[in-house]
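Below, each chain spelled out in residue letters.
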Amino acid sequence: MDEFASRKYPIQEHIAFQRRTWVVERIGWVALVVIVLAALLGLFGGGPLSRQTAGSDEMKVQYDRFQRVTKLASFTFLFAPAANAERRLHLNREFQDAFEITGIFPTPLQSAFDDGGLGMTFSTEANKESQIVIWAHPRRYGSINIDARADDGSGFNFRVFVYP
């Protein structure tokens, strides 16, 4: 008797349906493995796929491009050496609207909000690389387009995606 033929005794079987079910089940297994691997690699935040560096010659930012709305986000701005001991960082209005800043290190000498966004001035050592870290909680989820500019020079754009 053919093992893959439908039978009526001792119970009724429908082997063609059973084989389709097995195919769907295997597709489900593969999908689950792909989701788990993507999560481990950082597609949902906190891994190699998520870590990103963007910037220009004057300034770079290190951040997670995939973030969670419930998790504290960190943005590390790295300034190239400059003769000026004061450095200025400007972030656009969308950053100001999408994130609630909980900490900045080092503390800025002065900061100002305006229609264009947030501007901060920091004291740094002349002719040395400097680093500024901003910790913030996302206020909303979705895609956030952030513009950053150093010392009123040319800026750059980077994108963050916040999961619920």
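Residues numbered from 1 in each chain as written. Predicted model: local features only at pLDDT ≥ 70, side-chain atom pairs only at ≥ 80, totals over all residues. Heavy atoms only, no water.

> Explain the layout of surface pockets to me, using residue names and the numbers behind them.
Put simply, the largest pocket is a space of about 160 Å³. Considering the residues around the largest pocket, the lining is formed by 13 residues, among which D64, K71, L72, A73 and S74 are closest to the centre. Taken together, the residues of the lining of the largest pocket break down into four nonpolar, six polar and three charged. (1 Å grid on protein atoms, 1.4 Å probe; cavity = no way out; pocket = protein on both sides within 12 Å on 5 of 7 lines; lining within 4 Å. Points joined across faces, edges and corners; volume = space filled by probe spheres on them. Nonpolar A, V, L, I, M, F, W, Y, C, P; charged D, E, K, R; others polar.)

> Explain the pattern of salt bridges to me, and be specific about the residues and the numbers.
Summed over all chains, the structure comprises four salt bridges. Between R87 and D151 there is a salt bridge whose closest N-O contact spans 2.7 Å. One end of the pair, R87, is in strand β5 (residues 86-92); the other, D151, is in the loop between β10 (142-150) and β11 (155-163), and 64 residues separate them in sequence. (Salt bridge = Lys/Arg side-chain N within 4 Å of Asp/Glu carboxyl O. Helix = DSSP H or I, 4+ residues; strand = E, 2+ residues; numbered from the N terminus.)

> Outline the sheet that holds strand β1 (residues 51-55), supporting the account with residue identities and numerical values.
Strand pairing in a sheet relies on backbone hydrogen bonds, with the paired strands running either antiparallel or parallel. With antiparallel pairing, five strands are arranged side by side in an open sheet as β1-β2-β4-β9-β6. Here the strands that pair on one side only, and so sit at the sheet edges, are β1 and β6 (99-105). Taking each pair of neighbouring strands and ignoring which way they run, the sheet shows an average axis angle of 25 degrees. (Pairing = 2+ DSSP bridges. Axes fitted to C-alpha atoms, helices over the stretch in contact; angles between N-to-C directions.)

> I'd love a proper account of helix α1 (residues 15-41), names of residues and values included.
Compared with the 39 Å implied by 1.5 Å per residue over 27 residues, the 39 Å span of α1 between its first and last C-alpha is a close match. Where α1 ends, the next residue or the one after it, G42, has phi of about 105 degrees, a positive value. (Expected span 1.5 Å × (residues − 1).)

> Explain the pairing of strand β2 (residues 59-64) to me, using residue names and the numbers behind them.
The side chains of a regular strand alternate between the sheet's two faces. Every second residue of β2 is oriented toward a common face, the buried set being M59, V61 and Y63 and the non-buried set K60, Q62 and D64. Sheet topology places β1 next to β2; five bridges connect them, and they run antiparallel. By the bridge assignment for β2, T53 is matched with Q62. What sits between β1 and β2 in their antiparallel hairpin is a turn of three residues. Both β2 and strand β4 (residues 73-79) contribute to a ladder of four bridges, which runs antiparallel. Bridge pairing links V61 to F77 in β4. (Buried < 20%, exposed > 50% of the residue type's maximum accessible area, 1.4 Å probe, protein only.)

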